[in-house]
Structures are given as structure tokens and as C-alpha cells.
Number of protein chains: 2
Amino acid sequence: MPKIVDHEARRRHIAEAVHRVIHDKGMESVSLREVAAEAGMSMGAVQYYVTTKDQMLLLALERIGIWIGERVAAVAAHQSTPLDVLRTTVLELLPLDEERSYLNRIGLAFQASSVMSENQAAAMRMGYSHLLSFLAEQIRAAQTAGQLAAHLDAGKEASILYAFAQGIVNATLVGHYTPKEVAALLDYHLARLRAG
Amino acid sequence: MPKIVDHEARRRHIAEAVHRVIHDKGMESVSLREVAAEAGMSMGAVQYYVTTKDQMLLLALERIGIWIGERVAAVAAHQSTPLDVLRTTVLELLPLDEERSYLNRIGLAFQASSVMSENQAAAMRMGYSHLLSFLAEQIRAAQTAGQLAAHLDAGKEASILYAFAQGIVNATLVGHYTPKEVAALLDYHLARLRAG
DNA sequence: GCTTTTACCATGCACTCGCATGAGAAAGTG
DNA sequence: CACTTTCTCATGCGAGTGCATGGTAAAAGC
């Protein structure tokens with residue numbers, strides 16, 4: 001077996017090129033040629049790892065899911081209390097700086113795209129399940145620790161919290177809210193969940 | 001001035017064709033030809049009313065805004081209390097049946113699209129302003145009527161409520177939530193805002 | 001009845017698209 | 001060395017893209 005190549009690395013490289021194209025020129029500009037150019041490889045090379053455009057987009061979407069998972073795990077690890085984990089996690093998912101806007105632009109594009117593709121829809125559902133159960137778990141932990149009110153329905157609160165975060169994304173990217181206002185909205189909402 | 005034609009009607013006709021194309025085949029499938037075919041007119045006729053594709057999309061986005069405004073006004077008119085208006089308005093914006101899913105699919109596509117186009121972003125901001133001030137107004141009225149707790153920040157509550165509605169859209173369209181669950185989430189959230 | 005204005009249409013152009021194909025370079029094994 | 005396998009590339013194909021152009025039919029004003 002010659003010319004041993006790390007397929008995983010190549011796929012990641014392609015996925016990240018897709019991300020950049022989506023961010024810079026929009027989902028409509030994603031094409032095999034454009035992505036190949038962005039990835040610095042020939043079109044044939046891209047086709048070797050990804051046979052169709054749909055597959056390429058799915059790869060990029062799955063990579064986003066992995067990336068989000070990693071980011072959340074990373075920031076959550078530095079917090080001391082469940083409520084801190086909760087707040088920091090949601091903040092990490094909001095477009096409050098350039099890097100998080102980057103992620104959210106791509107995420108928003110896939111929200112629209114996933115409605116038209118069952119494969120992408122399935123990937124989305126998996127991402128929702130993971131994130132929502134993580135958030136619900138943190139809410140329950142915060143309740144046990146006496147940080148959040150005991151009467152809250154952790155599952156519903158997680159859904160509402162995450163829906164809020166997702167729903168504020170476009171309005172923020174489009175300039176209706178400033179990052180400060182978004183953070184204030186989050187804290188306002190979290191405040192009412194507090195125990196006492 | 002010969003062959004007098006209702007331009008407004010023609011533009012609306014084109015906009016609605018764009019909506020159908022977005023809904024049926026996705027934003028990527030929107031082209032002058034595709035829209036012309038959907039509208040049952042020649043490509044040249046479409047070009048007469050809309051000179052560029054961007055203009056066509058902007059027209060379709062503005063029409064969505066108008067449509068939403070009309071729908072909200074219509075359902076709100078049949079309610080007796082501010083809280084009923086609030087709840088019914090938000091329900092009207094959620095993808096709980098086929099017609100509202102239709103609207104939300106298109107809206108979601110434009111959320112992604114508006115991030116890449118300043119014209120569309122401006123149209124979005126205007127839509128947000130109108131809807132959010134309407135919601136905030138209803139919250140204040142409900143507070144005055146003693147239906148909602150007086151200590152609530154009406155502006156922030158409106159933002160959170162609408163963000164929740166927007167943020168639940170993709171998850172619902174993709175099948176993560178059932179319409180019943182979404183309605184239950186809304187009622188769960190509204191319940192905690194009640195006076196008492 | 002001629003001109004002007006409005007509305008519409010068919011077609012052409014340069015370009016891009018997704019995807020398929022076949023050739024060939026690189027790297028390991030016998 | 002030949003040989004196989006893995007990887008990469010250039011190119012071609014048919015179709016579709018946004019947009020521009022030139023022409024034409026119809027109705028109103030003079």
C-alpha cells in the first residue's frame with residue numbers, strides 16, 4: 001500500500017475548506033471547484049475523498065458538530081459550578097466575537113440546508129440530542145447544587161435555552177443586536193431560573 | 001400609456017413564485033429561469049419587473065415580511081386579552097402545521113441568505129423591529145391588565161420570546177420536536193411570566 | 001395614421017456547474 | 001526489477017447560470 005495518506009486529515013482539510021467557502025461566499029458558492037481551490041488541491045483530489053457534492057456538505061456538517069462538541073467540552077472543563085458551565089456553554093454558542101460568528105454563519109447556512117436534505121437533517125437531529133441532553137444535565141446538576149430553582153423542568157428549560165441561543169443568531173449577525181445586548185439577554189433569562 | 005398592467009400584482013406574483021421555488025427545491029434552485037417557469041411567464045417578462053437576481057430575492061423577502069405582518073394582525077384581531085394576543089401571535093410564527101411550515105422554511109432560507117446580503121439584512125432588521133415592538137407592546141399591555149408579572153422587562157421578554165420561536169424552527173422542521181412539544185414549550189415558558 | 005410608450009419575448013453569450021473518465025505519478029511488495 | 005495499490009490530475013460533457021440585446025405586439029396620444 002503506497003503513498004499512505006491520512007484520510008481523516010484530508011477529509012478534515014476538505015471540510016474546513018467548505019466551512020471557509022460558506023463563511024466567505026455563502027452556501028450558494030459551494031462547488032467542487034471552489035472548495036478544491038480553497039483547499040489548495042485539484043478537483044480530482046477532492047473527488048477522490050468525496051464522490052458527490054451532497055457528501056461533501058454532509059462531511060462539513062458533521063465536522064461542525066464535532067467542532068462544537070469540542071469547544072463546549074473545552075470551555076465547560078474550566079468552570080467550577082454547574083451554573084457556570086451552563087452559562088459559559090451557551091455563551092460559547094452565541095456569535096459574540098469573530099470566531100463564534102464564523103461558526104454561527106456556517107451553522108445558520110446548514111440550518112437552511114438541512115431542511116432540504118434528509119442526510120443533513122439526521123446529522124442535525126443528532127447534534128440537537130447531544131447538546132440538549134448536556135444542557136439538561138447541567139441544569140439538573142445546578143438544581144441539585146441549589147443554584148437553580150428545583151421546580152424547573154430541566155428538559156424543557158434546556159430546549160428553551162438552546163432555542164433562544166439559536167434564535168438570536170441571525171438577528172445578531174444581521175446587526176439587530178450587539179454582542180453586549182445578547183449577553184445581557186442571556187443573563188436576564190438565567191437570572192429568573194435561579195433558586196431562592 | 002398602453003397595456004396598463006398592475007405592477008404590484010405582477011411583483012407579488014413573481015415573489016410568490018420565488019417562495020414556492022425556495023420551499024420546493026431550496027434557495028440554491030432559485031434562478032431566473034426556474035422562477036419564470038414557476039410563475040408561468042417568460043424569462044423576459046420576469047426580467048422586465050426585476051432586473052437582477054438579487055433584486056428578485058429582496059422582493060421575495062420583503063413580501064414575506066408583509067405576509068407575516070398580515071397574518072399576525074389577522075390572528076391578533078380575534079383575541080380578547082393581551083396575553084391571548086401574545087400567545088396566538090407566537091403560535092402563528094411557529095411551524096406547527098403545513099402552512100406555517102411553508103412560511104418558516106422560506107424564512108429560514110432567508111435567515112441564511114440575509115447574512116451574505118446587506119440589502120436583505122436591512123429588510124430583516126426592519127422585520128425584527130416591527131415584530132419585537134409589537135410583542136413588547138402586548139407584554140406591557142398584559143402587565144397593565146395584570147396578566148403578566150409587573151417586574152418583567154417587556155423589551156427583553158419580547159426578544160427572548162421571539163428568539164425562542166425562531167430558534168425552535170429548524171429543530172422542528174428537521175423532526176427533532178413534534179408540533180405538540182413546541183406548543184408545550186411555549187406554554188411552559190409563558191406560564192412563568194404570569195402574574196401571581 | 002403615425003408616433004410613442006408599455007409590456008413582453010426569444011435568443012445569444014460567456015461562464016460555471018456536478019460528475020465521469022482515463023491517464024499517470026508515487027510508494028510499497030514480490 | 002516488475003507489479004500492485006493508492007493517490008492525483010487534467011480534461012470533457014451536457015446542462016444550467018445571470019444577464020444583455022434586439023425585436024415585436026398592443027394600446028394610447030396627437
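The coordinates are above.
Residues numbered from 1 in each chain as written. Chains lettered and ligands numbered in written order. Predicted model: local features only at pLDDT ≥ 70, side-chain atom pairs only at ≥ 80, totals over all residues.

1. Here we look at the overall build of chain A
Link 1 in the chain: The number of helices and strands found in chain A is 10 helices and 0 strands.
Link 2 in the chain: Shown N-terminal to C-terminal, the secondary structure of chain A runs as helices and strands in the order α-α-α-α-α-α-α-α-α-α.
Link 3 in the chain: Within chain A, the fraction of its 196 residues that count as buried is 40%.
Link 4 in the chain: The contacts in chain A between residues at least 6 apart in sequence include a share of 61% that link residues at least 24 apart. (Helix = DSSP H or I, 4+ residues; strand = E, 2+ residues; numbered from the N terminus. Buried ≥ 20, exposed ≤ 12 C-beta atoms within 10 Å, placed from the backbone. Contact = placed C-beta atoms within 7 Å.)

2. Comments concerning the relation of the copies chain B and chain A
Link 1 in the chain: Expressed as a screw transformation, the operator carrying chain B onto chain A has a rotation angle of 180 degrees and an axial translation of 0.0 Å, and the superposed copies differ by an RMSD of 0.0 Å. Between the two chains, the operation in question is that of a two-fold axis. No C-alpha of chain B approaches the rotation axis more nearly than that of Gly 167 of chain B, which lies at 1.8 Å.
Link 2 in the chain: Same-surface contact between copies: 100% of interface residues of chain B are shared with the interface of chain A. (Least-squares fit on C-alpha atoms with pLDDT ≥ 70 in both.)

3. Side note on helix H7 (residues 118-144) of chain B
Link 1 in the chain: The end-to-end C-alpha distance of H7 of chain B is 39 Å, a good match for the 39 Å that 27 residues give at a rise of 1.5 Å each.
Link 2 in the chain: Every buried residue belonging to H7 of chain B is among Gln 120, Ala 123, Met 124, Gly 127, Tyr 128, Leu 135, Gln 138, Ile 139, Ala 142 and Gln 143 of chain B, and all of these are buried. (Expected span 1.5 Å × (residues − 1).)

4. Here's the deal with the packing of helix H1 (residues 7-25) of chain B against helix H4 (residues 53-77) of chain B
Residues and elements named next belong to chain B.
Link 1 in the chain: Put simply, H1 and H4 touch, their axes get as near as 9 Å, and they point 90 degrees apart. It follows that H1 is roughly perpendicular to H4 by the angle criterion. Judged by residue contacts, Arg 11, Arg 12, Ile 14, Ala 15, Val 18 and His 19 of H1 engage Met 56, Leu 57, Leu 59, Ala 60 and Arg 63 from H4.
Link 2 in the chain: Of the residues contributing to the contact of H1 with H4, the split by class is 7 nonpolar, 1 polar and 3 charged. (Axes fitted to C-alpha atoms, helices over the stretch in contact; angles between N-to-C directions. Parallel < 35°, antiparallel > 145°, perpendicular 65-115°, else oblique. Nonpolar A, V, L, I, M, F, W, Y, C, P; charged D, E, K, R; others polar.)

5. A look at the interface of chain B and chain A
Link 1 in the chain: Each partner contributes to the interface: chain B provides 35 residues, whereas chain A provides 35 residues.
Link 2 in the chain: Those elements giving two or more residues to the side of chain B that touches chain A turn out to be helix H6 (98-114), H7, helix H8 (154-167), helix H9 (169-173) and helix H10 (179-193) of chain B.
Link 3 in the chain: The leading source of residues in the side of chain B that touches chain A is H8 of chain B, at 9 residues.
Link 4 in the chain: Its residues placed into classes, the side of chain B that touches chain A shows 20 nonpolar, 10 polar and 5 charged.

6. Digging into the environment of Gln 111 of chain A
Link 1 in the chain: Within the element layout of this structure, Gln 111 of chain A appears in helix H6 (residues 98-114).
Link 2 in the chain: The spatial distance from the C-alpha of Gln 111 of chain A to the C-alpha of Leu 61 of chain A is 9.9 Å, given a sequence separation of 50 residues.
Link 3 in the chain: Ignoring any residue separated from it by four or fewer positions in sequence, one finds Gln 111 of chain A in contact with Leu 108, Ala 112 and Asn 170 of chain B.

7. Observations concerning H4 of chain B
Link 1 in the chain: If you check H4 of chain B, its first and last C-alpha atoms are 36 Å apart, about what 25 residues at 1.5 Å a residue would give, namely 36 Å.
Link 2 in the chain: Buried within H4 of chain B we find Met 56, Leu 57, Leu 58, Ala 60, Leu 61, Ile 64 and Val 72 of chain B.

8. Re the environment of Met 56 of chain A
All names here are of chain A.
Link 1 in the chain: Looking at the secondary structure, you find Met 56 in helix H4 (residues 53-77).
Link 2 in the chain: Met 56 sits in the buried class, given 23 other C-beta atoms within 10 Å.
Link 3 in the chain: In this structure, the C-alpha to C-alpha distance between Met 56 and Val 35, residues 21 residues apart in sequence, is 9.5 Å.
Link 4 in the chain: Not counting residues up to four positions away in its chain, the partners in contact with Met 56 are Ile 14, Val 18, Val 35 and Val 50.

9. Structural notes on the packing of helix H1 (residues 7-25) of chain A against helix H2 (residues 32-39) of chain A
Helices that pack against each other are described as a pair by the angle of their axes relative to one another and the distance between those axes.
Residues and elements named next belong to chain A.
Link 1 in the chain: Look at H1 against H2: their axes get within 8 Å of each other, and the N-to-C directions meet at 110 degrees. By the angle class used here, H1 and H2 are roughly perpendicular. Where H1 abuts H2, its residues His 13, Ile 14, Ala 17, Val 18, Arg 20 and Val 21 lie against Glu 34, Val 35, Glu 38 and Ala 39.

10. Concerning the environment of Thr 88 of chain A
Link 1 in the chain: Structurally, Thr 88 of chain A is set in helix H5 (residues 82-93).
Link 2 in the chain: Each residue touching Thr 88 of chain A, except ones within four places of it in the same chain, is listed here: Val 75, Ala 76 and Gln 79 of chain A.

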